Amino acid sequence: MKKMALAKEKIFDAAVFLFNAKGYAETSVRDIASRAGANISTISYYFNGKAGLLEYSFVTFFEPYLNLLEENVANLKEKGASQCLKDAIRALMDFQYTHFHLTRFVWREVSIDRQIVREIMSTYLMKERHLLESLIRKGIEKGEFRSVSPGMFIIQLRSQMTMPFLNSIYTTEVWNIPFQDRFY
């Protein structure tokens, strides 16, 4: 059983690496199998092909990402909106930093208009919006935040949180900040 889980993880890691290096569209199942040292049928067995790997990437990223956000929003009554937002941002950035390659791939794919992305948006991203919006509205209501459009606030916040991953070349080459830097 452990061997099967290890094979699945190896395939997933190879896929994420190749999706980042070559792009999703340019990566073949053969490429993934070769990098993982696996048989193509094993990829089919675990993921139902390349599209299944894409879906698995989204689930692997968004489930813990949203769990972290939910955990922080749940502390709203005890900590207040401002502290919850700070804690959520730190937790989400730590998560993204820890899973840099997956994060980079997922945010890049989310920026491309495709059917699967629309499906992801209708579930995961709408849940993220709801959680952040409820936090911001409560902060405005309690006087912790000035009165702003929650939508614009969220767009700006997400832009700041995704920029290092979407524009990693700019960050590392222009600003000379390697992604291994803890404050990246």
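Rules and cut-offs
- Residues numbered from 1 in each chain as written.
- Predicted model: local features only at pLDDT ≥ 70, side-chain atom pairs only at ≥ 80, totals over all residues.
- Heavy atoms only, no water.
- Helix = DSSP H or I, 4+ residues; strand = E, 2+ residues; numbered from the N terminus.
- Contact = heavy atoms within 4.5 Å.
- Phe/Tyr/Trp six-rings, centres within 6.5 Å; stacked < 30°, edge-to-face > 60°.
- Buried < 20%, exposed > 50% of the residue type's maximum accessible area, 1.4 Å probe, protein only.
- Lys NZ or Arg CZ within 6 Å of the ring centre and 35° of its normal.
- Salt bridge = Lys/Arg side-chain N within 4 Å of Asp/Glu carboxyl O.

For the protein chain, the count of helices and strands is ten helices and zero strands. Secondary structure elements of the protein chain, listed N to C terminal, follow the sequence α-α-α-α-α-α-α-α-α-α. Across its three principal axes, the protein chain shows a C-alpha extent of roughly 60 × 40 × 30 Å. Across the protein chain, the fraction of contacts at a sequence separation of at least 24, relative to all contacts at a separation of at least 6, is 68%.

Our focus in this paragraph is the packing of aromatic side chains. For any two aromatic rings, the description comes down to two numbers: the centre-to-centre distance and the angle of the planes. Following the criterion strictly, the structure yields 18 aromatic pairs and no others. Ring centres 5.9 Å apart and planes at 35 degrees place the aromatic pair F145 and F153 in the tilted group. The buried category is assigned to F145, whose relative accessible area is 15%. Ring pairs connect the aromatic residues F58, F61, F62, Y65, F95, W107 and Y124, which therefore count as one cluster. One Lys or Arg, K50, reaches over the ring of Y24 and ends 4.5 Å from the middle of that ring.

With that out of the way, let us pick up the pattern of salt bridges. Following the criterion strictly, the structure yields eight salt bridges and no others. Between D87 and K79 there is a salt bridge, and its shortest N-O distance comes to 2.8 Å. Here E133 and R137 are joined by a salt bridge, their closest N and O atoms 2.9 Å apart. Remark: R137 and E133 occur in helix α8 (residues 115-141); sequence separation between them is four residues, near one turn of the helix.

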